[in-house]
Amino acid sequence: MSDDHTRVREFFTARAGDWDERFPDDGPAYAAAVADLGLRAGDRVLDAGCGTGRALPPLRAAVGDAGTVVGADLTPAMLEAAVRAGRDRAGRLLLADVARLPLRDASFDAVFAAGLVSHLPDPAGNLRELARVVRSGGLLALFHPIGRAALAARQGRALTPGDLRAGANLGPLLVRSGWRMTAYVDEDARFLALAVRQP
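Caption draft 1: Focus on the overall build of the protein. The helix and strand inventory of the protein stands at eight helices and seven strands. Here the protein has a C-alpha radius of gyration of 15 Å; the compact-globule value for 199 residues is 16 Å, and the two agree. Each of the three principal axes of the protein carries a C-alpha extent, and together these read 45 × 40 × 35 Å. Counting over 199 residues, the protein shows a buried share of 51%. Here the protein has roughly 9100 Å² of accessible surface; of this, 53% comes from carbon and sulfur atoms. Charge-centre separation for the protein: the mean point of 25 positive side chains lies 4 Å from the mean point of 24 negative side chains.

Caption draft 2: Highlighting the sheet that holds strand 7 (residues 190-197). Pairing within the open sheet is mixed, and its seven strands lie in the order 3-2-1-4-5-7-6. Every interior strand has two partners, whereas the edge strands, strand 3 (92-95) and strand 6 (179-187), have only one. For this sheet, the mean inter-axis angle between neighbouring strands, taken without regard to orientation, is 15°. Note: strand 4 (residues 108-114) against strand 5 (residues 134-144), six bridges, orientation parallel. If you follow Phe-108 over to strand 5, its bridge partner there is Val-134. Along the sheet, helix 6 (residues 123-132) makes contact with strand 1 (44-48), strand 4, strand 5, strand 6 and strand 7, crossing strand 5 at roughly 130°.

Caption draft 3: Molecular detail of the nonpolar core. One finds Leu-46, Leu-101, Leu-127, Leu-130, Leu-140, Leu-142 and Trp-179 to be the most contacted residues of the largest nonpolar core, which totals 30 residues. If you list the elements that add at least two residues to this core, you get strand 1, strand 2 (68-73), strand 4, helix 6, strand 5, helix 8 (167-176) and strand 7. It is helix 6 that contributes the most residues to this core, four residues altogether.

Caption draft 4: Seen up close, the packing of aromatic side chains. Taken as a whole and assessed by the stated rule, the structure comprises four aromatic pairs. Considering the side-chain rings of Tyr-30 and Phe-143, the 5.0 Å spacing of their centres and the 75° angle between planes classify their relative orientation as edge-to-face. Remark: Phe-143 occurs in strand 5 and Tyr-30 occurs in helix 3 (residues 27-37); sequence separation between them is 113 residues. We note that Tyr-30, like Phe-143, is buried. Pairing Phe-112 with Phe-143 gives two aromatic rings, centres 5.7 Å apart and planes at 35°, and the pair type is tilted. With Phe-112 in strand 4 and Phe-143 in strand 5, the pair connects residues that are 31 residues apart, well separated along the chain. Of the two residues, Phe-112 and Phe-143, both sit in the buried class. Cluster of aromatic residues (ring-pair linked, three or more members): Tyr-30, Phe-112 and Phe-143. For Arg-165, the ring lying beneath its charged end belongs to Phe-191, and the centroid distance is 5.0 Å.

Cut-offs applied
Residues numbered from 1 in each chain as written. Predicted model: local features only at pLDDT ≥ 70, side-chain atom pairs only at ≥ 80, totals over all residues. Heavy atoms only, no water. Helix = DSSP H or I, 4+ residues; strand = E, 2+ residues; numbered from the N terminus. Rg over C-alpha atoms; globule rule 2.2 N^0.38 Å. Buried < 20%, exposed > 50% of the residue type's maximum accessible area, 1.4 Å probe, protein only. Areas by Shrake-Rupley, 256 points an atom, 1.4 Å probe, with all protein chains shown as cover. Lys, Arg positive; Asp, Glu negative; His and termini not counted. Charge placed at Lys NZ, Arg CZ, Asp CG, Glu CD. Pairing = 2+ DSSP bridges. Axes fitted to C-alpha atoms, helices over the stretch in contact; angles between N-to-C directions. Contact = heavy atoms within 4.5 Å. Core = buried A, V, L, I, M, F, W, Y, C linked by side-chain atoms within 4.5 Å. Phe/Tyr/Trp six-rings, centres within 6.5 Å; stacked < 30°, edge-to-face > 60°. Lys NZ or Arg CZ within 6 Å of the ring centre and 35° of its normal.

Take a look at the structure:
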């Protein structure tokens, strides 16, 4: 495992036990972002970097019993927290690195990724790997329950022009990775970028 992966795993392992308690009011924001993704009954959806699985119940509700929901995360402690919260009943949990997913090409209709982009060691390569497992015309949602400025303020830092999630940076990054951005929202209450998998 690279140093980047080790740091990410250590960061989230230390926070897994009380992650949901730290952000108890995020449920409606997750549900709204899932609704904006536009899933249909029977769809196959991957929650990439699923953490404690907060998106899994609304994803399951969106695709129904006939659909497939898989939550993948690099950190065992986060997946264990998802099981303790009972979210494994909404989808299959998979210990996996989004840089090398053990999943077939074009096996999903959509990917949901909450808070993932800023933790990717190779954003273009990692987003390309997400594109690999999604069918042509499939969907991607990059989500965070608060916007970039609000998150920076919470963390005591300033926004920089190089922020990957800035629209001017994210759009070209997605294009290089096999996606086309179709919507971009960056408000205090949420961040959501939607994209379509290109042929």
